[in-house]
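So you can see what is in the structure, the chains are spelled out below.
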Amino acid sequence: MRIVVAGASGFLGSHLVTELTGRGHEVVRLVRRPATVADESEWDPYAGVVDQQVVDGADAVVNLAASPTFGNPHSKKWAHNLRTSRVTTTRVLAESVAAAPRPPAFVNGQAIGWYGDHRDEVITEESDSRGSTFVTKVCRDWEDAAGPAVGAGGRVALLRAAPIIDRKIAPLKLQVPLFRIGLGSRLGNGSQYFSVISLQDWVGAAAFVVEHDSLAGPVNLSCPVPPTNREYTDALARNMGRRARLAVPAMVIEKAAGVLASEAVGSMRVEPTALLAAGFTFRNDDVDAVLRAALG
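Note that this is a predicted model, so its numbers are computed, not measured. For every chain, the first residue of its written sequence is number 1, and the numbers climb from 1 along that sequence. At least 70 in pLDDT is required for a residue's local features to be given in this predicted model, at least 80 for side-chain atom pairs to be given and counted, and no such filter applies to totals for whole chains, interfaces and linings, which use all residues. By convention in this description, side-chain values take in all heavy atoms of the structure and omit both hydrogens and water.

Draft legend 1. Representation of helix α4 (residues 134-144) in the model. Restricting attention to buried positions, one finds in α4 the residues F134, V135, T136, V138, C139, W142 and E143. Note on contacts: a residue pair is in contact if any heavy atoms of the two residues lie within 4.5 Å. Only DSSP runs of H or I reaching four residues or more are called helices, and only runs of E reaching two or more are called strands; each is numbered from the N terminus. Residues of α4 that are buried in the fold lie against α3 (76-99), β5 (105-111), α5 (147-151), β7 (156-161) and α10 (261-265). Exposure is judged per residue with a 1.4 Å probe applied to protein chains only, and the accessible area is read against the type maximum: over 50% gives exposed, under 20% gives buried, and values in between give partly exposed.

Below you can see the structure in the form of structure tokens.
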């Protein structure tokens, strides 16, 4: 397959490009600077500029371009960039996909934040979106921006991903130093579900979606056995040779986390129904396996 990837220089994008090329696919990376090698193509999403010929010649377009989720939740600039980077890149690529004579598949990054707080309910791809928190509203706008590609009749897959657990990125990168010195803490009472996925499985699942025409619409990327926050906290503490005895009160979370507070104490018990039905095999199916892969 010939696959165009936006966000290819980011943490996830670089891992996915390596995976796709390793599987024998031809990858063209969209870059926001003059292209210097044959497998690059310059684009400017904020000016609405992308080489239409590159998209026309693709079998699939993957969009992972986005500003970091973790940042200062009290910053208006951070909030603006979080939304704009996702919505704008998605809209520009969706319009380009729709304009192609034969629309390529469009695989767009997304997040389980779209669902909102469902308490103890199991969340599948058929579940609804609830609430009006900042992240949930951003995810709705992000997903709606893919509308032109959906309207063109091509295959559109939305990667609703749980937080990716790897020692090189947040949240685990921020948690490890605290847990090592015995300051690991659950959030609130810890009963809320905190769905996660390993980097290995995120990369494998994203490539699987690109390759499988049967997967369209929302696709949950999350380990099959979602842990609660308490279970995740305890498992991480065990890996550090510690015990997690502390808890951050909800009132403190609300003040410190700002617009992300609802995501910190909200509950999303996500199951990857579509991936499992399509035959994808997870390498790390529960929180202990996810953390072993992330820390090992």
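Now that the structure is up, let's keep going.
Draft legend 2. Representation of the environment of F282. Looking at where F282 falls in the secondary structure, it is placed in the loop between α11 (273-278) and α12 (287-295). Spatially, the C-alpha atom of F282 lies 26 Å from that of R186, the residues being 96 residues apart in sequence. For F282, the contacting residues outside a window of four places in its chain are I197, D201, S222, C223, P224, P272, L275 and L276.

Draft legend 3. Just unusual backbone geometry, in detail. Cis peptide bonds are those with omega within 30 degrees of zero, and the linkage from A170 to P171 qualifies with 10°. Structurally, P171 is set in the loop between β8 (164-165) and α6 (172-180).

Draft legend 4. Structural context of a nonpolar patch on the surface. Taken together, the side chains of L178, I181, L183 and L246 make up a nonpolar region of the molecular surface, amounting to roughly 360 Å² of accessible area. Within the fold, L183 resides in the loop between α6 and β9 (185-187). The patches described consist of residues with a relative accessible area above 30% and no salt bridge, like charges being joined within 9 Å and nonpolar side chains (Val, Leu, Ile, Met, Phe, Trp, Tyr) within 5 Å. Accessible areas in this description were obtained via Shrake-Rupley with a 1.4 Å probe; residue shielding takes into account the shown protein chains only. Each salt bridge in this description consists of a side-chain nitrogen of Lys or Arg and a carboxyl oxygen of Asp or Glu lying within 4 Å of one another.

Draft legend 5. Broad picture of the nonpolar core. For this analysis, a nonpolar core means a set of buried residues of the types Ala, Val, Leu, Ile, Met, Phe, Trp, Tyr and Cys, connected via side-chain atoms within 4.5 Å. Core analysis: the largest hydrophobic core is formed by 33 residues, its most contacted members being V5, L16, V62, W202, V209, L221 and L275. Broken down by element, this core gets its largest block of residues, nine residues, from helix α7 (residues 199-211). If we skip the residues at most four places from it in the chain, L275 touches A205, F208, V209, L215, V219, N220, L221, F280 and F282.

Draft legend 6. Structural context of the packing of aromatic side chains. A pair of aromatic rings is counted whenever rings of Phe, Tyr or Trp (Trp by its six-membered ring) have centres within 6.5 Å, and the orientation is called stacked for planes under 30 degrees apart, edge-to-face for over 60 and tilted otherwise. Per the counting criterion, the structure on display carries five aromatic pairs. On the basis of an interplanar angle of 40° and a centroid distance of 5.8 Å, the ring pair of W78 and F134 is categorised as tilted. A residue pair is termed long-range when its members are at least 10 positions apart, and W78 in helix α3 and F134 in helix α4 qualify at 56 residues. Like W78, the residue F134 is buried in the burial classification. Consider the rings of F194 and Y232, whose centres lie 4.9 Å apart with planes at 80°: the pair is edge-to-face. Within this pair, whereas F194 is found in the loop between β9 and β10 (197-198), its partner Y232 is found in helix α8 (residues 229-239), the two being separated by 38 residues in sequence. Relative accessible area serves as the criterion here: at 2%, Y232 is assigned to the buried category.

Draft legend 7. Examining the packing of helix α1 (residues 11-22) against α7 more closely. Axis lines are fitted through C-alpha atoms, for helices just across the contact stretch, and the angle between N-to-C directions can take any value from 0 to 180 degrees. For the pair α1 and α7, interaxial distance at closest approach is 10 Å and the crossing angle is 60°. Classed by the angle they form, the pair α1 and α7 counts as oblique. The crossing of α1 and α7 is right-handed. From α1, F11, L12, H15, L16, E19 and L20 reach across to α7, where they touch L199, W202, V203, A206 and A207. Each angle is binned into one of four classes, with values under 35 degrees roughly parallel, values over 145 roughly antiparallel, values of 65 to 115 roughly perpendicular, and all other values oblique. Crossings are sorted by hand: turned counterclockwise from the far helix by less than a right angle, the near helix makes the crossing left-handed, and turned clockwise it makes it right-handed.

Draft legend 8. Representation of the packing of α3 against α4. In the contact formed by α3 and α4, the axes pass within 9 Å of each other and the chain directions differ by 20°. Judged by the angle between their axes, α3 and α4 are roughly parallel. Seen from above, α3 lies across α4 with right-handed handedness. Residue-level inspection shows W78, A79, L82, R83, R86, V87 and T90 of α3 in contact with α4, the latter providing F134, V138, D141 and W142. Gly is put with the polar residues, along with every residue not named as nonpolar or charged; the nonpolar set is Ala, Val, Leu, Ile, Met, Phe, Trp, Tyr, Cys and Pro, and the charged set is Asp, Glu, Lys and Arg. Tallied by class, residues from the contact of α3 with α4 come to seven nonpolar, one polar and three charged.

Draft legend 9. Looking closely at the pairing of strand β11 (residues 217-221). For β11, the buried fraction is high: four of the five residues fall into the buried class. Paired strands, as defined in this entry, are two strands with at least two bridges between them according to DSSP. With five bridges joining them, β7 and β11 adopt parallel strand pairing. Across the sheet, residue A161 finds its bridge partner in β11, namely L221.

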